[in-house]
Amino acid sequence: MLYVCLFASYSICALVRVRGTNLYVIYPWVHNFSNNMSSGDQLRSCSIPDVDPHDLPPSADFSMTAGDFSEVYQEPDSWDCVVTCYFIDTSPNIIAYIETIKRILKPGGYWINFGPLLYHFADMYNEHSVELSYEEIRRLMLRDYGFELVKEEVRIPSSYIQSPWSMMKLLYECVFFVAKKPLE
């Protein structure tokens, strides 16, 4: 599934070269054979992009890269904001992600997070994984890494990559927060 997500993300980001909306038709549920109320549900299409990629201000510095987050992003004090959406649980060691985010954020920069904690390496044979509760992550961010919590909401219901017509619905109770790196 990870490679499918990377391919789709890259394809969407590559759309920055095109102008307009609803230029491409995809069939995201064509391989879902279970929990279809009708055969037509499996063949429903979707048009992308739903917003014009050129609406992003020309001065915006946007980055998305495949690879190990902690290895790819190393330049200290280089980002005004880091957004992690359904992301922080992809690390085998979430503490390394917190350290990386603090290192790459400029002083006074913001970390915006939304998502669950479905640790991807948990229960995998021969994989070491650090799985902290949100309470533990929060304590680390504030006490050990000096972040200031600007906003926080917990137990926000959210689905993830599912057909709205499917007979099965998966709902996460996500955490949303905005944290500010100290000015130091």
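One can find the structure itself at the top, above this paragraph.
For clarity, every value in this text was computed on a predicted model and none was experimentally measured.

So, how was this worked out
Residues numbered from 1 in each chain as written. Predicted model: local features only at pLDDT ≥ 70, side-chain atom pairs only at ≥ 80, totals over all residues. Heavy atoms only, no water. Helix = DSSP H or I, 4+ residues; strand = E, 2+ residues; numbered from the N terminus. Buried < 20%, exposed > 50% of the residue type's maximum accessible area, 1.4 Å probe, protein only. Phe/Tyr/Trp six-rings, centres within 6.5 Å; stacked < 30°, edge-to-face > 60°. Lys NZ or Arg CZ within 6 Å of the ring centre and 35° of its normal. Salt bridge = Lys/Arg side-chain N within 4 Å of Asp/Glu carboxyl O. Core = buried A, V, L, I, M, F, W, Y, C linked by side-chain atoms within 4.5 Å. Contact = heavy atoms within 4.5 Å. Polar contact = N/O pair within 3.5 Å; in protein donor to acceptor, adjacent residues only side chain to side chain.

(A) Quick peek at unusual backbone geometry. Along the chain, I48 connects to P49 via a cis peptide bond; the corresponding omega equals -10°. Here P49 shows up in the loop between β2 (46–48) and α3 (69–72). In the Ramachandran plot, D123 falls in the positive-phi region, its phi being about 60° despite a non-glycine side chain. Judged by its relative accessible area of 83%, D123 is exposed. Unusually for a residue other than glycine, R155 sits at a positive phi of about 60°. On the secondary structure map, R155 appears in strand β5 (residues 148–158).

(B) Region of the structure containing the packing of aromatic side chains. Taken as a whole and assessed by the stated rule, the structure comprises 12 aromatic pairs. Here the aromatic rings of F69 and Y73 are separated by 5.5 Å at their centres, their planes lie at 45°, and the arrangement is tilted. Each member of the pair, F69 as well as Y73, is classed as buried. Members of the aromatic cluster, connected to one another through ring pairs, are F69, Y73, W79, F87 and Y97. The ring of W165 has R44 sitting right over it, with the charged end atom 4.0 Å from the ring centre.

(C) Highlighting the pattern of salt bridges. Under the definition given, this model contains seven salt bridges. Between D77 and K181 there is a salt bridge, with its nearest N and O atoms 3.0 Å apart. Of the two residues, D77 sits in the loop between α3 and β3 (79–85) while K181 sits in the segment after β6 (172–180), which places them 104 residues apart along the sequence.

(D) Structural context of the nonpolar core. With 23 residues, the main nonpolar core has I101, W111, I137, M141, F147 and F177 as its most contacted residues. Only β3, α4 (94–104), β4 (105–115), α5 (134–144) and β6 provide two or more residues apiece to this core. Tallying contributions element by element places α4 first for this core, with five residues. Ranked by size, the runner-up nonpolar core spans six residues in total, among them Y86, F114, C174 and F176.

(E) Fine view of the environment of L149. By the element assignment, L149 lies in strand β5. Spatially, the C-alpha atom of L149 lies 35 Å from that of M168, the residues being 19 residues apart in sequence. Ignoring anything within four residues of it in the chain, the contact list for L149 reads R138, M141, L142, F177, V178 and A179.

(F) Just the side chain of D41, in detail. Of note, D41 is situated in helix α2 (residues 39–42). Residue classification places D41 among the buried residues on the basis of a relative accessible area of 5%. Side-chain polar atoms of D41 contact the side chain of R44, separated by 3.1 Å.

(G) Geometry of the environment of P57. Take P57: it is sitting in the loop between β2 and α3. With a relative accessible area of 45%, P57 lands in the partly exposed category. Residues P57 and Y97, spaced 40 residues apart in sequence, show a C-alpha to C-alpha distance of 28 Å.

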